[in-house]
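Notes for the structure review
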Amino acid sequence: QGQLVESGGGSVQAGGSLRLSCAASGRIFVRANDVGWHRQVPGKQRELVASITSGGSTGYADSVKGRFTISRDNAENTVYLQMTSLKPDDTAVYYCSAGRYGIVAWGKGTLVTVSS
């Protein structure tokens, strides 16, 4: 087994930036898995905002394209989400996931609050 631990959340004003980290441990190696960043607000479904495949291909939701960047550090076994030009609509709990053929692990999330 392994686990994912998110960090880097916090409160920022609109237009600000944050970098989230998803640290993998145990039997989870980010270089060998597809890793996704998702977000959820109360009363809404969890949505995928960014992903990076084991091969290094990245994808983004339209709502964050051009503002968020996902990256991976294999040596640190960590995936990052650099968020810029943050908007109040980006307020959510952000979760990372990992899996090779479907999601097998979730982190517990980190809260991002963007004030106007």
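Below is a short write-up of the structure. Quick caveat, the model's predicted, so the values are computed rather than measured.

**Quick notes on the nonpolar core**
Counting 28 residues, the largest nonpolar core has Leu4, Trp37, Val79, Leu81, Met83 and Tyr94 as the members making the most contacts within it. Ignoring sequence-local partners within four residues, the contact set of tyrosine 94 consists of Glu6, Leu20, Trp37, His38, Arg39, Val49, Phe68, Leu81, Met83, Gly109, Thr110 and Val112.

**Some details on the environment of glutamine 45**
Here glutamine 45 lies in the loop between strand 4 (34–40) and strand 5 (47–52). Each C-alpha atom, one on glutamine 45 and one on aspartate 34, is 21 Å from the other, the two residues being 11 residues apart in sequence. With near-sequence residues (within four places) excluded, glutamine 45 lies in contact with Arg39 and Gln40.

**Some details on the pairing of strand 4**
Along strand 4, five of the seven residues are buried, which leaves the element largely enclosed by surrounding structure. Examined bridge by bridge, strand 4 and strand 5 share five bridges and lie antiparallel to one another. Across the sheet, the residue bridging to tryptophan 37 is alanine 50, located in strand 5.

**Section: the pattern of salt bridges**
Applying the stated criterion across every chain, the model contains four salt bridges. Aspartate 90 is the partner of arginine 39 in a salt bridge, and the nearest nitrogen-oxygen pair spans 2.9 Å. Placement of the pair is arginine 39 in strand 4 and aspartate 90 in the loop between strand 8 (78–83) and strand 9 (92–99), with a sequence separation of 51 residues. The shortest N-O distance in the salt bridge between arginine 67 and aspartate 90 comes to 2.8 Å. On the criterion of sequence distance, the pair formed by arginine 67 in the loop between strand 6 (58–60) and strand 7 (68–73) and aspartate 90 in the loop between strand 8 and strand 9 is long-range, its members being 23 residues apart. Both residues of the pair, arginine 67 and aspartate 90, count as buried. Salt bridges linked by common partners bring Arg39, Glu47, Arg67 and Asp90 together as one network.

**A closer look at the pairing of strand 11 (residues 110–115)**
Of the two faces of strand 11, only the one carrying Thr110, Val112 and Val114 is buried; Leu111, Thr113 and Ser115 on the other face are not. Pairing between strand 2 (residues 10–13) and strand 11: four bridges, direction parallel. If you follow glutamine 13 over to strand 11, its bridge partner there is serine 115. Pairing of strand 9 with strand 11 involves three bridges; the strand directions are antiparallel. Pairing of alanine 92 across the sheet is with valine 112, part of strand 11.

**Considerations on the environment of leucine 20**
By the element assignment, leucine 20 lies in strand 3 (residues 18–26). Classification of leucine 20 as buried rests on a relative accessible area of 0%. C-alpha separation for the pair leucine 20 and glycine 109, spaced 89 residues apart in sequence, amounts to 10 Å. Once residues lying within four places of it in the same chain are set aside, the contact partners of leucine 20 are Ser7, Gly8, Gly9, Trp37, Val79, Tyr80, Leu81, Met83, Tyr94, Thr110 and Val112.

What counts, and where the lines are drawn
- Residues numbered from 1 in each chain as written.
- Predicted model: local features only at pLDDT ≥ 70, side-chain atom pairs only at ≥ 80, totals over all residues.
- Heavy atoms only, no water.
- Core = buried A, V, L, I, M, F, W, Y, C linked by side-chain atoms within 4.5 Å.
- Buried < 20%, exposed > 50% of the residue type's maximum accessible area, 1.4 Å probe, protein only.
- Contact = heavy atoms within 4.5 Å.
- Helix = DSSP H or I, 4+ residues; strand = E, 2+ residues; numbered from the N terminus.
- Pairing = 2+ DSSP bridges.
- Salt bridge = Lys/Arg side-chain N within 4 Å of Asp/Glu carboxyl O.

It is worth stressing that arrangement in space is one thing and function is another; only the former is reported here.
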